[in-house]
Amino acid sequence: MSSKIADALIERIERRDIVFGIVGLGYVGLPLAVELARAGYRVLGFDVNPRVVSGLNAGRSHVKDVSDEQLREIASRFSATTDADRLREADAISICVPTPLSKFKDPDVSYIVAATEAVKGTLRRGQAIILESTTYPGTTREILLPALESTGLTVGEDFFLAFSPERVDPGNPTYGTRNTPKVVGGITHDCIRVAMALYQPAIEMLVPVSTTEAAELVKLLENTFRSVNIGLVNEMAIVCDKLGVNVWEVIEAAATKPFGFMKFLPGPGLGGHCIPVDPHYLAWKMRGLNYKTRFIDLAGELNTEMPLFWVRKVSEALNEQGRAVRGASVLVLGVAYKRDIDDIRESPALDIIRLLEGQGARVSYHDPHVPVFAEDGHEFRSVPLDPESVAAADCIMIVTDHSSIDYHMIRRKAKLVVDTRNAMPKED
Ligand SMILES: NC(=O)c1ccc[n+]([C@@H]2O[C@H](COP(=O)([O-])OP(=O)(O)OC[C@H]3O[C@@H](n4cnc5c(N)ncnc54)[C@H](O)[C@@H]3O)[C@@H](O)[C@H]2O)c1
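These remarks concern the structure in this document. (Residues numbered from 1 in each chain as written. Predicted model: local features only at pLDDT ≥ 70, side-chain atom pairs only at ≥ 80, totals over all residues. Heavy atoms only, no water.)

### Things to note about unusual backbone geometry
Not every positive phi belongs to a glycine, and Arg 16 is a case in point at roughly 60 degrees. Note that Arg 16 resides in the loop between helix H1 (4–14) and strand S1 (19–23). Its relative accessible area of 28% is what places Arg 16 among the partly exposed residues. Residues other than glycine seldom take positive phi values, yet Asn 290 does so here, at roughly 60 degrees. Inspection of the secondary structure assignment puts Asn 290 in the loop between helix H10 (278–287) and helix H11 (294–320). (Helix = DSSP H or I, 4+ residues; strand = E, 2+ residues; numbered from the N terminus. Buried < 20%, exposed > 50% of the residue type's maximum accessible area, 1.4 Å probe, protein only.)

Below is the structure:
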């Protein structure tokens, strides 16, 4: 039997007569806030970072996929706050906080715990809470549910709890929050009904699954799938290197098979907040159940070793020109973890720079999207990319293939290029 509270909430959702709270206004939370406001909800964003909040309230976006123009469009329905107490105004709350790894590569769910505490502080009858952060299966039921029920309210009757993983792909010009199908799992039948009703006006296609654990695992399967396949093509890059075969030619030819093959590309290693991180959440959970996730571990090892492979290529290439790495100037092109974005979290470029510097190279970098970054207490600034800076470097190392980089100029001016992305044009 469905609860009257769920029916009443759904009825208000259908009239868009609710406030939708978002906890965590980053790469995931902000684009979601925009789509929810566009769908007609009043949206209240809560973030612990006062700079993020004041910027957004002044109409300035800190997320590349959301423009200031889009913020202006939703200004009458969107506001941000650092005051957790104001979460009591929200009828529905999506939690989009970070889920990094600890130093020992175990899940760090401290942000989820902190966000849950904030939500618990203002939980009231008739609220719906949805976790969006990527995490191990069981998090919603084992962390959020007991905390929220400790208020005396009962899930599925007084409040509703669901998990719906965000699938945002920063920088993707085709798929954004609205047109990427969204998976939803609830603790009870009413939880899923309410969560589906909440997202339905903002997301083109919803995919209900039976439990929060299934929804949590969907996201981990997707990202583990990518990690394992990238690990496989990275191993193929090492194999091809040893055989003297061009790995990209092999992959392009294999990709002409119209069935049974999916193209993945080798590169300098994995980066970003998701693919290098999320599979470890599953591996950790399974360790607790006495199961070793072998594919995950192997892919992790292969992908983490790629920076070393590419630094070795730099050293061999310099050696062929009678030069040592020590004292050589290496200009790294691109430090963001992937093309045309500004995110350097877990970027393999950081390992590459550290390894090259460790071997005594003089490293500089150019990245049109990352003018400056700090690593190990050292500040790096992007140098200009022009014929002079390219010609002056002993080696140009292409780590991120941003589309605005003039590879033809590099081809004409560089003494030596090590290209981890197959970005260089074959001829002028
Ligand atoms: N970035 C991606 O491409 C991507 C894609 C899919 C899923 N995810 C997942 O989404 C989640 C969020 O990732 P993100 O990239 O948006 O992170 P982010 O770092 O860009 O944003 C997180 C925001 O949460 C805020 N925050 C931290 N603790 C908080 C708290 N207790 N209360 C309120 N706000 C708090 C931070 O200040 C920050 O603004 C992660 O679990 C991630 O794995 C990310």
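Having put the structure on the table, let's press on.
### A short note on the sheet that holds strand S13 (residues 395–398)
Strand order in the open sheet formed by four strands is S10-S9-S13-S14, with parallel pairing between adjacent strands. Each edge of the open sheet is held by one strand with a lone partner, namely strand S10 (362–366) and strand S14 (417–419). Direction aside, neighbouring strands of the sheet carry axes that sit 20 degrees apart on average. (Pairing = 2+ DSSP bridges. Axes fitted to C-alpha atoms, helices over the stretch in contact; angles between N-to-C directions.)

### Notes on the side chain of Lys 219
With respect to the helices and strands, Lys 219 occurs in helix H8 (residues 212–243). Of the buried charged residues, Lys 219 lacks a salt bridge, with Glu 222 as the closest side chain of opposite charge at 4.7 Å. Ignoring any residue separated from it by four or fewer positions in sequence, one finds Lys 219 in contact with Thr 134, Pro 165, Glu 166, Arg 167 and Asp 278. (Lys, Arg positive; Asp, Glu negative; His and termini not counted. Salt bridge = Lys/Arg side-chain N within 4 Å of Asp/Glu carboxyl O. Contact = heavy atoms within 4.5 Å.)

### A word on the sheet that holds strand S3 (residues 78–81)
Reading across from one edge, S3-S2-S1-S4-S5-S6-S7-S8 is the order of the eight strands in this open sheet, with mixed pairing throughout. Either end of the sheet is taken by a strand with one partner, and the two such strands are S3 and strand S8 (206–209). With strand direction ignored, the average angle separating the axes of adjacent strands in the sheet is 25 degrees. Looking at chain direction, strand S6 (residues 160–163) and strand S7 (residues 182–186) are connected through two bridges and run antiparallel. Each residue of the ladder has a partner; that of Phe 163, found in S7, is Gly 185. Lying on the sheet, helix H7 (residues 189–199) is in contact with S1, strand S4 (92–95), strand S5 (128–131), S6, S7 and S8; it crosses S7 at an angle near 150 degrees. Along the sheet, H8 makes contact with S6, S7 and S8, crossing S7 at roughly 150 degrees.

### Comments concerning the layout of surface pockets
Approximately 480 Å³ is the volume attributed to the second largest pocket. Together, 23 residues line the second largest pocket, and Lys 105, Pro 276, Thr 304, Glu 346 and Asp 351 are the ones closest to its centre. Listed by contribution, the elements that provide at least two residues to the lining of the second largest pocket are H10, H11 and helix H12 (348–358). Considering every element that reaches the lining of the second largest pocket, the biggest residue donor is H11, with six residues. (1 Å grid on protein atoms, 1.4 Å probe; cavity = no way out; pocket = protein on both sides within 12 Å on 5 of 7 lines; lining within 4 Å. Points joined across faces, edges and corners; volume = space filled by probe spheres on them.)

### Observations concerning the nonpolar core
In terms of nonpolar packing, the biggest core is built from 80 residues, with Phe 20, Ile 95 and Leu 198 touching the most fellow members. Looking at this core, the element that brings in the most residues is H7, giving seven residues. Apart from the residues lying within four places of it in its own chain, the contact partners of Phe 20 are Leu 36, Tyr 41, Arg 42, Val 43, Leu 44, Ala 92, Ser 94, Leu 198 and Tyr 199. (Core = buried A, V, L, I, M, F, W, Y, C linked by side-chain atoms within 4.5 Å.)

### Some thoughts on the packing of helix H5 (residues 110–121) against helix H6 (residues 139–149)
Interaxial distance between H5 and H6 falls to 9 Å at its minimum, and their mutual angle equals 30 degrees. The hand of the H5/H6 crossing is right-handed. Contacts between H5 and H6 pair Ile 112, Val 113, Thr 116, Val 119 and Lys 120 from the former with Thr 139, Ile 143, Leu 144, Ala 147 and Leu 148 from the latter. Grouping the amino acids of the contact of H5 with H6 by side-chain chemistry returns seven nonpolar, two polar and one charged. (Left-handed = near helix turned anticlockwise from the far one by under 90°. Nonpolar A, V, L, I, M, F, W, Y, C, P; charged D, E, K, R; others polar.)

### Here we look at the packing of aromatic side chains
The relative placement of two aromatic rings is captured by the distance of their centres and the angle of their planes. With the rule as written, the count across this model stands at eight aromatic pairs. Ring pairs connect the aromatic residues Phe 20, Tyr 41 and Tyr 199, which therefore count as one cluster. It is Arg 16 that lies over the ring of Tyr 41; its NZ or CZ is 5.9 Å from the centre. Over the face of the ring belonging to Tyr 199 we find Lys 182, whose NZ or CZ atom lies 4.9 Å from the ring centre. (Phe/Tyr/Trp six-rings, centres within 6.5 Å; stacked < 30°, edge-to-face > 60°. Lys NZ or Arg CZ within 6 Å of the ring centre and 35° of its normal.)

### Brief notes about H7
Of all 11 residues making up H7, eight are buried, and the element is well covered by its neighbours. Residues of H7 that are buried: Asp 190, Cys 191, Ile 192, Val 194, Ala 195, Ala 197, Leu 198 and Tyr 199.

### What to know about the pairing of S13
On S13, burial covers both faces: Cys 395 and Met 397 on one face and Ile 396 and Ile 398 on the other are all buried. Of the strand pairs in this sheet, strand S9 (residues 329–333) and S13 are connected by four bridges, and their pairing is parallel. The residue of S13 that forms the bridge with Leu 333 is Ile 398. As defined by bridge partners, S13 adjoins S14 across three bridges and the pair is classed as parallel. The partner of Ile 396 across the bridge, within S14, is Val 417. Note that the unit made of S13, helix H14 (residues 407–413) and S14 has a crossover that is right-handed. (Right-handed = clockwise from strand over helix to strand, strands pointing away.)

### Thoughts on the packing of H11 against H12
Running from N to C, H11 and H12 cross one another at 45 degrees; their axes reach a closest spacing of 9 Å. By the angle class used here, H11 and H12 are oblique. As H11 packs across H12, the resulting crossing turns out to be right-handed. Every residue of H12 that contacts H11 at Pro 307, Leu 308, Val 311 and Val 314 is listed here: Pro 348, Asp 351, Ile 352, Leu 355 and Leu 356. In terms of residue class, the contact of H11 with H12 is made up of eight nonpolar, no polar and one charged. (Parallel < 35°, antiparallel > 145°, perpendicular 65-115°, else oblique.)

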